[in-house]
Amino acid sequence: MTFQRVLILEDNLIIAMEAEEILRLVGIGQVEIASNLEQAVNAIHSDNYDFAMLDVNLGESTSFGFARLLMDRGIAFGFVSGYPDTLDFPPDLQHVPLLNKPFDEQSMRLFVQALAEAGKSSAM
């Protein structure tokens, strides 16, 4: 599975821009940034994405509800967080790939690979 178009949901512009730069280094062609849930929902209703990267903590809310919307639409996604693991996440989201902050090119490659493998197994 080759990913070409990615949506980043991240409320910190510096982190979002860093993620965009690293995604391009690992071969992603198009990267869109949404800084809040409303922008992210509008984005998936108007465009197609191969996967989404979701910051868990969005200030006064989390991205868990949006994650479930992505699941319903069949869009692969993973979480990006300062949390060390997904054990405190809702049970239905604990299996989702997690990219820990701070991240680098190598950890991003592993994250994208995990999303690709998860996509292959769900397509079977």
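Residues numbered from 1 in each chain as written. Predicted model: local features only at pLDDT ≥ 70, side-chain atom pairs only at ≥ 80, totals over all residues. Heavy atoms only, no water.

Chemist: Mind laying out the UniProt feature "domain: Response regulatory" (unreviewed entry) in the protein chain, listing which residues take part and the relevant values?
Modeler: The sites that UniProt annotates as "domain: Response regulatory" (unreviewed entry) are residues 5-116. Summarising residues 5-116: 40% helix, 25% strand, and an end-to-end C-alpha distance of 13 Å. (UniProt positions renumbered as here; feature names shortened; annotations may be inferred. Helix = DSSP H or I, 4+ residues; strand = E, 2+ residues; numbered from the N terminus.)

Chemist: Can you lay out the nonpolar core for me, pointing to particular residues and giving the numbers?
Modeler: Leu7, Leu54, Phe66, Leu70, Phe77 and Phe79 are the most contacted members of the largest nonpolar core, which has 21 residues in total. Those elements that provide at least two residues to this core are β1 (5-9), α2 (37-46), β3 (51-55), α3 (64-73) and β6 (76-81). Tallying contributions element by element places α3 first for this core, with four residues. Among residues more than four places away in sequence, those in contact with Phe77 are Ala52, Leu54, Ala67, Leu70, Met71, Leu93, Val96, Pro97 and Leu115. Among the nonpolar cores identified, the runner-up in size contains 20 residues, and Phe3, Ile8, Ala19 and Leu99 belong to it. (Core = buried A, V, L, I, M, F, W, Y, C linked by side-chain atoms within 4.5 Å. Buried < 20%, exposed > 50% of the residue type's maximum accessible area, 1.4 Å probe, protein only. Contact = heavy atoms within 4.5 Å.)

Chemist: I'd like a rundown of the UniProt feature "modified residue: 4-aspartylphosphate" (unreviewed entry) in the protein chain, residues and numbers included.
Modeler: Taking the UniProt record as the reference, the feature "modified residue: 4-aspartylphosphate" (unreviewed entry) is found at Asp55. Looking at the secondary structure, you find Asp55 in strand β3. Those residues in contact with Asp55 that lie beyond four places of it in its chain are Leu9, Glu10, Asp11, Ser63, Val80 and Lys101.

Chemist: Describe the packing of α2 against α3, and please don't skip the residues or the numbers.
Modeler: In contact at an axis separation of 11 Å, α2 and α3 are set at 5° when each is read in the N-to-C sense. Between α2 and α3, the interaxial angle falls into the category roughly parallel. Across the interface between the two elements, Leu37, Ala40, Val41, Ile44 and His45 of α2 pack against Phe66, Leu69, Leu70 and Arg73 of α3. Grouping the constituent residues of the contact of α2 with α3 by class yields seven nonpolar, one polar and one charged. (Axes fitted to C-alpha atoms, helices over the stretch in contact; angles between N-to-C directions. Parallel < 35°, antiparallel > 145°, perpendicular 65-115°, else oblique. Nonpolar A, V, L, I, M, F, W, Y, C, P; charged D, E, K, R; others polar.)

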